[in-house]
Structures are given as structure tokens and as C-alpha cells.
Amino acid sequence: MKPAILVVDDDTAVCELLQDVLSEHVFTVLVCHNGHDALSLVQQDASIALVLLDMMLPDINGLQVLQHVQKHRPALPVVMLTGLGSESDVVVGLEMGADDYIGKPFNPRVVVARVKAVLRRTGALAADTPAPREAGIAFHGWTLDTTRCELIDPQRNAVSLTQGEYGLLLALTQNARRVLSRERLLELTHSENAEVFDRTIDVLIMRLRRKIEANPHQPALIKTIRGLGYVFATDVSHNEKAA
């Protein structure tokens, strides 16, 4: 069965563009133009594998739609579509658990790449697009599996990561012991997205700390270097075969 993508945007031209490009890549595309219709579809259609959600809707705020999805279908990934000047919505959306955001205007190929990456992480594309085995990155008892795009804790349990969290943790572990500025982290994690914000890095760092630090308020792995940025302050090793 083809993964179903729900596009929620009141701009019919944007919807038509996304419907065309996503359909070409073997996705079933559902479209609605307001938040209430989106809420009904999410509740009624279990085949929806991902939501592309505009933050500015004519009836209710996109953040309200995101909140409803997080409450009723927490495993359903949401990628926000954001316009210029919507930094606050992006930050709040990430804090609420959105997987990623794409700034408008966007390159359709970037949207497809982001959608595929999220669906591979959730397993919706695993059967159709098997990835070759790659090295996993091990640190402090944890393993970042770069084949399945998931994090394994020291007790060998999978820890859920959003696409944004995965991309940031990958960038940090690949540059362990190096101080990385917010600007550099933005380049490493959103290189194809022209509309990015410094504060999103801080939000994602906070979310990662909650998941991997013994004490998120006194982090030992992801440390803040005042005035410079962040450093992944532990050694890493690259496994020949991911866990």
C-alpha cells in the first residue's frame, strides 16, 4: 500500500504543486484547505502516514491542529510548512513535537526528500526502499543507527526521534569534541532550507537532552559553550554494523 500524505494548506496552488510532485514519487496524496477538515481526516483515515501542515490556516491555527494530532495520534509525524516571519510558530511547533519544518517558498525536491526521510524513520517506506547496511555511531552506551535512523539506549531499547532530532544528533556525533556554532549546526541540518532560525537549534538541543542526558539540567553529553555554541563532549566510535 502506498503511504498517504495529508497536505493541509489554504493555498490551492501550493496544494496542487505538492500533490503533483508527491504523486510522481508513488505517494497517495490527500488535500484539505482548513484545520477542521484536517482534524476530521486524521481521525477517520488511519492510512495517513504523514501530515504536511501549514501554520497559517483560515479557521484555526496550525498549532491547534498539531496539538490535536499529538494528542490523538502521537506516532503520526507532522512536518510544518512555514512562511517568512513565523519563527515563533516554528519554535512552538518543535517544542510540541513536530518532526521538522520547511520554509516557504520551497524547492519541491526538498519536500520530497524530507518526506521520504521521515517515512523511512517511521518504517512506512522500509519495505519499498531498503537501505544498505551502514555504520552506526556508538557513544556512552548509546547507538545511533544510521541505517534505520533510530536511537538505541544502553538497555537496547529504541528511543523515538523526530527527523529534526535525528539530524541534529547525527551532526553532533559526527563532529564529536568540536565546538559547533548555531549557524554551523543549521548548515549541517537544514542545508537545503533557506528559511531557518537560530532558536530552533536551542529547542532541538533541549529535546535531545531530555532523551539522552542523565540530568538534562546538567548535561554531560551535549554541553553549551557560552558565546560559541554546543559541543558533543564524549568520544564516539563507528560500528561496522549498526545495532
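Scroll up for the structure.
**Q** Quick question: what am I supposed to make of the overall build of the protein chain here?
**A** Counting its regular elements, the protein chain contains eight helices and 13 strands. When the 243 residues of the protein chain are sorted by exposure, 51% land in the buried category. Once local pairs closer than 6 in sequence are excluded, the contacts in the protein chain between residues at least 24 apart make up 61%. Here the protein chain has roughly 11,600 Å² of accessible surface; of this, 49% comes from carbon and sulfur atoms.

**Q** Which parts of the structure should I look at to understand the packing of aromatic side chains?
**A** Centre-to-centre distance and the angle between the planes together describe a pair of aromatic rings. Summed over the entire model, instances satisfying the criterion amount to two aromatic pairs. Arranged with centres 6.5 Å apart and planes meeting at 5°, the rings of Phe 139 and Trp 142 form a pair that is stacked. This pair shows no difference in class: Phe 139 is buried, exactly as Trp 142 is. Each ring, one from Phe 139 and one from Phe 232, has its centre 5.1 Å from the other, and the planes form 85°; the classification is edge-to-face. Here Phe 139, found in strand S6 (residues 137-139), pairs with Phe 232, found in strand S12 (residues 229-232); they are 93 residues apart in sequence, far enough to count as distant. Taken individually, Phe 139 and Phe 232 each receive the classification buried, so the pair is uniform in this respect.

**Q** In this structure, what is going on with the nonpolar core? I would like to understand it.
**A** One recurring pattern in soluble globular proteins: nonpolar side chains tend to sit buried together. Val 51, Leu 53, Leu 151, Leu 169, Leu 172, Ile 212 and Ile 222 are the most contacted members of the largest nonpolar core, which has 51 residues in total. Counting 22 residues, the second largest nonpolar core, distinct from the first, contains Val 29, Val 79, Phe 106 and Val 111.

**Q** So what exactly am I meant to see when it comes to the pattern of salt bridges here?
**A** Where charged atoms from two side chains of opposite charge come close, those side chains can pair. Counted according to the given criterion, the structure contains eight salt bridges. Two residues, Asp 100 and Arg 114, come together in a salt bridge whose shortest N-O distance is 3.3 Å. Here the residue Asp 100 occupies a position in strand S5 (residues 100-103), and Arg 114 occupies one in helix H5 (residues 108-122), the gap between them amounting to 14 residues. Between Arg 182 and Asp 202 there is a salt bridge; the shortest N-O distance is 2.8 Å.

**Q** I'm lost on H5 in this one. Help?
**A** Side chains that are three or four residues apart share a direction in an α-helix, a result of its 3.6 residues per turn. Spanning 15 residues, H5 covers 21 Å between terminal C-alpha atoms, matching the ideal 21 Å at 1.5 Å per step. All buried positions along H5 are accounted for by Val 110, Val 111, Val 112, Arg 114, Val 115, Ala 117, Val 118, Leu 119 and Arg 121. Contacts from the buried residues of H5 go to strand S1 (4-8), helix H1 (12-24), strand S3 (48-54), strand S4 (78-82), S5 and helix H6 (163-174). The backbone nitrogen of Arg 109 has a side-chain oxygen 2.9 Å away, supplied by the residue at the start of H5, namely Asn 107. Of the residues one or two after H5, Gly 123 is the one with positive phi, at around 95°.

**Q** What's the story with the sheet that holds strand S13 (residues 237-238) in this structure? I'm lost.
**A** Pairing between the strands of a sheet comes from backbone hydrogen bonds, and it takes one of two forms, parallel or antiparallel. A sheet is described by the order of its strands in space; here five strands give the open sequence S9-S8-S7-S6-S13, paired in antiparallel fashion. Either end of the sheet is taken by a strand with one partner, and the two such strands are strand S9 (158-159) and S13.

**Q** Would you mind going over helix H2 (residues 35-44) with me for this structure?
**A** For H2, the set of buried residues is Gly 35, Ala 38, Leu 39 and Val 42. Buried residues along H2 cover an arc of 100° about the axis, so they all sit on one side. The backbone nitrogen of His 36 has a side-chain oxygen 3.2 Å away, supplied by the residue at the start of H2, namely Asn 34.

**Q** I would appreciate a short explanation of the environment of Leu 144 in the present structure.
**A** Inspection of the secondary structure assignment puts Leu 144 in strand S7 (residues 142-145). Distance from Leu 144 to His 238, taken between C-alpha atoms, is 9.6 Å for residues 94 residues apart in sequence. Beyond its immediate stretch of four places on either side in the chain, Leu 144 contacts Gly 136, Ile 137, Glu 150, Leu 151, Leu 161, Tyr 166, Leu 169, Leu 170 and Thr 173.

Conventions and cut-offs
- Residues numbered from 1 in each chain as written.
- Predicted model: local features only at pLDDT ≥ 70, side-chain atom pairs only at ≥ 80, totals over all residues.
- Heavy atoms only, no water.
- Helix = DSSP H or I, 4+ residues; strand = E, 2+ residues; numbered from the N terminus.
- Buried < 20%, exposed > 50% of the residue type's maximum accessible area, 1.4 Å probe, protein only.
- Contact = heavy atoms within 4.5 Å.
- Areas by Shrake-Rupley, 256 points an atom, 1.4 Å probe, with all protein chains shown as cover.
- Phe/Tyr/Trp six-rings, centres within 6.5 Å; stacked < 30°, edge-to-face > 60°.
- Core = buried A, V, L, I, M, F, W, Y, C linked by side-chain atoms within 4.5 Å.
- Salt bridge = Lys/Arg side-chain N within 4 Å of Asp/Glu carboxyl O.
- Expected span 1.5 Å × (residues − 1).
- Polar contact = N/O pair within 3.5 Å; in protein donor to acceptor, adjacent residues only side chain to side chain.
- Pairing = 2+ DSSP bridges.
- Arc of directions from axis to C-beta.

Function cannot be read off these values alone, since they describe shape.
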